[in-house]
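# Secondary and tertiary structure notes
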Amino acid sequence: MAKERFRYFIKVPELAAFYTEITDYRTAEDVGVDRPMKNEILHNIPPTPAQEAFTEKLMKFAESGDATILGRAPLSETEEKAKMLIATDYASKIALDMRMIDPNAEYDPNDKASHCAKMIAEYYRKYDAQKGTQFVFSDLGTYKPGERNVYSEIKRKLIEDYGIPAHEIRFIQECKSERSRKAVIEAMNSGDVRVLFGSTSMLGTGVNTQQRAVCIHHLDTPWRPSDLTQRDSRAIRAGNEIAKLYADNKVDVIIYAVEKSLDSYKFNLLHCKQTFISQLKRGAMGLRTIDEGSSDEDELKALKSELAALDRKITAALAAKNEEQDGEENK
């Protein structure tokens with residue numbers, strides 16, 4: 001018997017009406033909280049030749065389940081049921097950095113890390129007089145001492161290519177005690193630290209470093225709207241003095257998306273989820289039925305002739321990330 005994830009919402013207007021009966025929902029805008037506005041920017045990045053080549057392999061793997069195409073051992077019976085999860089994991093990693101799956105992959109100056117470093121440097125210079133600070137979020141490729149990782153790669157570029165002092169760039173993972181964590185927070189608010197890297201779990205909550213924040217960089221996109229909100233709230237909150245005085249009370253939020261990859265799909269999916277949640281809480285739902293995602297065989301047929309649609313197929317069956325897909329469904 002095939003397992004299916006929870007996907008459909010029915011009688012949506014009634015659900016919204018019931019929700020409004022038991023809750024009193026107000027946003028920060030509703031109650032007049034004085035905080036910066038979010039200026040969201042989707043930064044599209046052309047795929048590198050290596051990413052395009054591996055994407056074709058992923059497409060073949062998604063169709064056949066032949067793991068040797070990816071350079072790994074044949075799938076076990078358990079792995080076969082979760083092959084789309086495996087494909088999604090690979091797709092997420094190659095969109096961030098090809099060297100996460102192939103340590104010997106050649107460096108490409110047009111990869112996501114290079115684009116992010118360039119943008120960080122631009123904002124660093126733009127708000128240098130005000131000591132504007134920036135956050136860089138990624139749940140993949142996080143900092144590990146002694147190991148190559150995306151955080152360290154971007155820091156190296158900022159130091160060597162753009163002349164930003166090393167002591168002004170920190171990783172939240174370096175803070176092993178509450179005292180060191182508080183010291184970094186204070187340094188961000190004073191402008192002594194200008195760029196802070198971290199994951200959603202370690203930097204998304206309990207970090208009140210908004211006083212000088214001018215930009216947030218998302219190297220990857222989380223699956224839950226609440227996680228993106230938590231990330232953005234490091235800068236989009238009351239007490240952001242630099243944004244209010246020097247940036248028209250706005251904070252730029254840059255989401256980096258490699259074209260023809262999982263990035264764009266996750267970005268669009270996240271916005272669809274957030275729209276549904278917001279409308280539900282406000283009791284503004286009009287549709288009676290909502291399908292959170294589809295997995296029709298027609299999508300796989302279209303995928304064969306349209307490489308740009310790979311991200312939709314690879315993740316269509318598992319937008320909630322924990323889905324198991326029946327092997328016959330993708331034939």
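Notes on the structure in this doc start here. (Residues numbered from 1 in each chain as written. Predicted model: local features only at pLDDT ≥ 70, side-chain atom pairs only at ≥ 80, totals over all residues. Heavy atoms only, no water.)

## A closer look at the pattern of salt bridges
Here is the rule: Here, a salt bridge means any side-chain nitrogen of Lys or Arg that lies within 4 Å of a carboxyl oxygen of Asp or Glu. Between buried and exposed lies partly exposed: a residue is buried under 20% and exposed over 50% of the maximum accessible area for its type, with that area taken using a 1.4 Å probe on protein chains only.
Counting across every chain of the model gives 23 salt bridges. Note that Arg-170 and Glu-174 form a salt bridge whose closest N and O atoms lie 2.9 Å from each other. Among the residues examined, Glu-174 registers a relative accessible area of 28% and is labelled partly exposed. As a salt-bridge pair, Lys-250 and Asp-248 come within 3.9 Å of each other at their nearest N and O atoms. Residue Asp-248 is classed as exposed on the basis of its relative accessible area of 60%. A single network of salt bridges, built from pairs that share partners, joins Asp-97, Arg-99, Asp-111, Arg-148, Glu-153, Arg-156, Lys-157 and Glu-160.

## Thoughts on the environment of Ala-187
In plain terms, the rule: Starting at the N terminus, helices and strands are each numbered in turn, a helix being any DSSP run of H or I of at least four residues and a strand any DSSP run of E of at least two. Contacts are assigned to residue pairs that have any heavy atoms within 4.5 Å of one another.
Inspection of the secondary structure puts Ala-187 in helix H7 (residues 178–190). With relative accessibility at 14%, the residue Ala-187 sits in the buried group. C-alpha of Ala-187 to C-alpha of Thr-209: the two residues are 22 residues apart in sequence and 8.7 Å apart in space. Leave out the neighbours within four places in its chain, and Ala-187 touches Asp-192 and Val-193.

## Quick notes on the packing of aromatic side chains
For any pair of aromatic rings, geometry is given as the distance between the ring centres together with the angle between the planes. Convention followed: Side-chain rings of Phe, Tyr and Trp, where Trp is taken by its six-membered ring, are said to pair if the distance between their centres is within 6.5 Å; with planes under 30 degrees apart they count as stacked, over 60 as edge-to-face, and otherwise as tilted.
Scanning the model with the defined rule gives 6 aromatic pairs in all. Seen from their ring centres, Tyr-151 and Phe-171 are 5.7 Å apart, and the 50° between their planes marks the pair as tilted. Within this pair, whereas Tyr-151 is found in helix H6 (residues 150–160), its partner Phe-171 is found in strand E4 (residues 169–171), the two being separated by 20 residues in sequence. Grouping residues by exposure puts Tyr-151 and Phe-171 together as buried. Ring geometry for Phe-171 against Phe-197: centres 5.4 Å apart, planes inclined by 85°, an arrangement best described as edge-to-face. One end of the pair, Phe-171, is in strand E4; the other, Phe-197, is in strand E5 (residues 195–198), and 26 residues separate them in sequence.

## Here's the deal with the environment of Ile-216
Looking at the element boundaries, Ile-216 is found in strand E6 (residues 213–218). If we skip the residues at most four places from it in the chain, Ile-216 touches Phe-135, Phe-137, Arg-231, Asp-232, Ala-235, Asp-252, Val-253 and Ile-254.

## Notes on the packing of helix H9 (residues 225–232) against helix H11 (residues 262–282)
Formally: Each axis is a line fitted through C-alpha atoms, and for a helix only the stretch in contact is used; angles between axes span 0 to 180 degrees, taken between their N-to-C directions. Under this scheme an angle from 65 to 115 degrees is roughly perpendicular, one under 35 degrees roughly parallel, and one over 145 degrees roughly antiparallel; angles in between are oblique.
Across the interface, H9 lies against H11 with an axial gap of 9 Å and an inter-helix angle of 95°. Put simply, H9 runs roughly perpendicular to H11. Contacts between H9 and H11 pair Pro-225, Leu-228 and Thr-229 from the former with Leu-270, Lys-273, Gln-274 and Ile-277 from the latter.

## Observations concerning H9
What counts, and what does not: Each C-beta atom gives one direction from the helix axis, and the arc is the one those directions make.
Residues of H9 that are buried include every one of Pro-225, Asp-227, Leu-228, Arg-231 and Asp-232, and no others. Take H9 and look down its axis: the buried residues cluster within an arc of 160°, on one side only. Buried residues along H9 sit against strand E2 (37–45), strand E3 (133–137), helix H8 (200–203), E6, strand E7 (250–258) and H11.

## Observations concerning helix H5 (residues 112–126)
Residues lying three or four places apart along an α-helix face the same way, a consequence of the helix completing one turn every 3.6 residues. Heads up, the condition is: A helix's residues, less one, multiplied by 1.5 Å, set its expected span.
Between its first and last C-alpha atoms H5 spans 21 Å; for 15 residues at 1.5 Å apiece the expected length is 21 Å, and the two agree. Within H5, the full set of buried residues consists of Lys-112, Ala-113, Ser-114, Cys-116, Ala-117, Met-119, Ile-120, Ala-121, Tyr-123 and Tyr-124.

## Re unusual backbone geometry
In terms of backbone geometry, most residues other than glycine have negative phi values and most peptide bonds are trans. A positive phi angle, near 55°, is found at Lys-131, a position not held by glycine. Assignment of secondary structure puts Lys-131 in the loop between H5 and E3. Residue classification places Lys-131 among the partly exposed positions, given a relative accessible area of 37%. One non-glycine residue, Asp-248, adopts positive backbone phi at about 60°. Tracing the sequence through the fold places Asp-248 in the loop between helix H10 (241–246) and E7.

## What to know about the sheet that holds E3
The strands making up a sheet associate through hydrogen bonds between their backbones, and the pairing can be parallel or antiparallel. Under the convention used in this document: Strand pairing requires that DSSP identify at least two bridges connecting the strands.
Pairing in this open sheet of 6 strands is parallel, and the strands run E2-E7-E6-E3-E5-E4 from one edge to the other. The sheet is open, and its two edges are formed by E2 and E4, each paired on a single side. Ignoring strand direction, the axes of neighbouring strands in this sheet form an average angle of 20°. With 9 bridges joining them, E2 and E7 adopt parallel strand pairing. Its bridge partner lying in E7, Met-37 is registered against Lys-250.

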